[in-house]
Amino acid sequence: KHDGFILKFKEYHSKEDVSQVTNYFLALEKNQLPPLKDDEYYLEDLIGMSIWLDSENRQIGEIAKISFNHAEQAILHIHSANYPHLEVLIHPFVK
């Protein structure tokens, strides 16, 4: 579940008026996003981070990009010389 944002448009006053802008993307500057807690992160901040294989303590690559499947689950695309087609699906988790 996404917490999302609540928007109010100056030009639109009813639910029917707002339906005109359904299926558009909302873009915000990063400094307009809500502050994060200490244990939170934005997915885009993961790009460039190293991925390590814990069992062997070796680096297997780094996060090159992030995409989403139809269930809105994040997929990490890993750039790796040894694993050229490696992708990792991030499963939702709770601390």
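Definitions and cut-offs
Residues numbered from 1 in each chain as written. Predicted model: local features only at pLDDT ≥ 70, side-chain atom pairs only at ≥ 80, totals over all residues. Heavy atoms only, no water. pLDDT = per-residue confidence, 0-100. Helix = DSSP H or I, 4+ residues; strand = E, 2+ residues; numbered from the N terminus. Patch = residues over 30% accessible without salt bridge, like charges linked within 9 Å, V, L, I, M, F, W, Y side chains within 5 Å. Areas by Shrake-Rupley, 256 points an atom, 1.4 Å probe, with all protein chains shown as cover. Salt bridge = Lys/Arg side-chain N within 4 Å of Asp/Glu carboxyl O. Buried < 20%, exposed > 50% of the residue type's maximum accessible area, 1.4 Å probe, protein only. Pairing = 2+ DSSP bridges.

### Considerations on the confidence of the model for the protein
So, point 1. The predicted model of the protein averages 79 in pLDDT, with 87% of residues at 70 or higher.
So, point 2. When pLDDT is averaged over each helix and strand of the protein, the minimum, 68, is found for strand 4 (residues 87-89) and the maximum, 86, for strand 2 (residues 58-68).

### Regarding a nonpolar patch on the surface
So, point 1. Together, L7, L26 and L28 line one region of the surface with nonpolar side chains, adding up to about 270 Å² of accessible area.
So, point 2. When you line up the elements, L7 lands in the segment before helix 1 (15-18).
So, point 3. Accessibility expressed as a relative area gives 48% for L7, which makes it partly exposed.

### Things to note about the pairing of strand 1 (residues 50-53)
So, point 1. Here strand 1 runs beside strand 2; their pairing, made up of 4 bridges, is antiparallel. Bridge pairing in strand 2 links I51 to G61.
So, point 2. Two successive antiparallel strands, strand 1 and strand 2, enclose a turn made up of 4 residues, where N57 displays a positive phi of approximately 50 degrees.

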